[in-house]
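This is what each chain is made of:
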Amino acid sequence: EAGVTQFPSHSVIEKGQTVTLRCDPISGHDNLYWYRRVMGKEIKFLLHFVKESKQDESGMPNNRFLAERTGGTYSTLKVQPAELEDSGVYFCASSRLLAGAMYNEQFFGPGTRLTVL
Amino acid sequence: AQSVAQPEDQVNVAEGNPLTVKCTYSVSGNPYLFWYVQYPNRGLQFLLKYITGDNLVKGSYGFEAEFNKSQTSFHLKKPSALVSDSAWYFCAVSYSSGNTPLVFGKGTRLSVIA
């Protein structure tokens, strides 16, 4: 099966501009997660969708970040306006939605490297 | 709150030697522990996990990890390193087995020298 894909792979923008990142999860995966890694620091959780609903957005840094998952398929993460500290690698992950004690492995995409100048 | 510490930013090891990448964690309740690897220009790839059962967990590419509850550690090991093992390694923890986000450490860069 196809893996998680992310677009673009790299984006270089100027401070104040808008950027939209896209994630296509594995088909049939209802869980979709966004994470971010800022240079030299840990990978941090941003938010979690279950189908089209936001299950947990506690990791979103501020209201300049807007995530959507219309129709419960692909997701977009928009940063508007971008600031210097938004630079980093944005990862998307997806997993099946299974109840009970089974672990639902998260499959990660290759990431989008965002550079804000 | 959950947290993961990877105390080494970089680990260097000669090819053929054993390698260890360290990880300690803090979580209330039973931990679910994971190791991921990121090769250059690739996404995070799952290596192995500890959910319950045997403390020694075997994973992909000959890697294994030992869960030590008393030391709250989950160190990644491999008996004989390969140059192709050079990558970033991330330890992660979750407080639940399903449908919850992962908490990652900051990663350790492994360099295997021929």
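Bear in mind that the values here come from a model prediction, so they are computed numbers and not experimental data.

Q: Any chance you could break down the nonpolar core for me, citing the residues and the numbers?
A: Residues Trp35(B), Leu47(B), Leu48(B), Phe74(B), Leu76(B) and Tyr89(B) are the most contacted members of the largest nonpolar core, which totals 28 residues. Those elements giving two or more residues to this core turn out to be strand E2 (10-14), strand E3 (19-21), strand E5 (32-38), strand E6 (44-50), strand E8 (64-68), strand E9 (73-78), strand E10 (87-94) and strand E12 (108-113) of chain B. Here this core takes four residues from E10(B), the largest share from any one element. With residues near it in sequence (within four places) discarded, Leu47(B) still touches Trp35(B), Tyr36(B), Val37(B), Gly59(B), Ser60(B), Tyr61(B), Phe63(B), Leu76(B) and Tyr89(B). With 21 residues, the next largest nonpolar core counts Cys23(A), Ile26(A), Trp34(A) and Leu77(A) among its residues.

Q: Tell me what's going on with the packing of aromatic side chains, and back it up with residues and numbers.
A: Under the criterion given, the structure shown has 14 aromatic pairs over all chains. Each ring, one from Phe108(A) and one from Phe104(B), has its centre 5.9 Å from the other, and the planes form 80°; the classification is edge-to-face. Of this pair, Phe108(A) sits in strand E10 (residues 107-108) while Phe104(B) sits in strand E11 (residues 103-104), on two different chains. Take Phe108(A): its relative accessible area is 8%, and that puts it in the buried class. One aromatic cluster in this structure is built from Tyr33(A), Tyr35(A), Phe45(A), Phe108(A), Tyr36(B), Phe46(B), Trp88(B), Phe90(B) and Phe104(B). Just above the ring of Tyr74(A) sits the side chain of Arg22(A); from NZ or CZ to the centre is 3.7 Å. The side chain of Arg37(A) reaches across the aromatic face of Trp88(B), ending 4.3 Å from its centre.

Q: Can you explain the sheet that holds strand E1 (residues 5-7) of chain A? Please cite residues and give values.
A: Residues and elements named next belong to chain A. Strand order in the open sheet formed by four strands is E1-E3-E8-E7, with antiparallel pairing between adjacent strands. The outermost strands of the open sheet, each flanked by one partner alone, are E1 and strand E7 (65-68). Each strand axis lies, on average, 15° off the axis of its neighbour in the sheet, ignoring direction. When E7 meets strand E8 (residues 75-79), the two strands line up antiparallel, connected through four bridges. Residue pairing in the sheet places phenylalanine 65 in a bridge with valine 79 of E8.

Cut-offs applied
- Residues numbered from 1 in each chain as written.
- Chains lettered and ligands numbered in written order.
- Predicted model: local features only at pLDDT ≥ 70, side-chain atom pairs only at ≥ 80, totals over all residues.
- Heavy atoms only, no water.
- Core = buried A, V, L, I, M, F, W, Y, C linked by side-chain atoms within 4.5 Å.
- Buried < 20%, exposed > 50% of the residue type's maximum accessible area, 1.4 Å probe, protein only.
- Helix = DSSP H or I, 4+ residues; strand = E, 2+ residues; numbered from the N terminus.
- Contact = heavy atoms within 4.5 Å.
- Phe/Tyr/Trp six-rings, centres within 6.5 Å; stacked < 30°, edge-to-face > 60°.
- Lys NZ or Arg CZ within 6 Å of the ring centre and 35° of its normal.
- Pairing = 2+ DSSP bridges.
- Axes fitted to C-alpha atoms, helices over the stretch in contact; angles between N-to-C directions.

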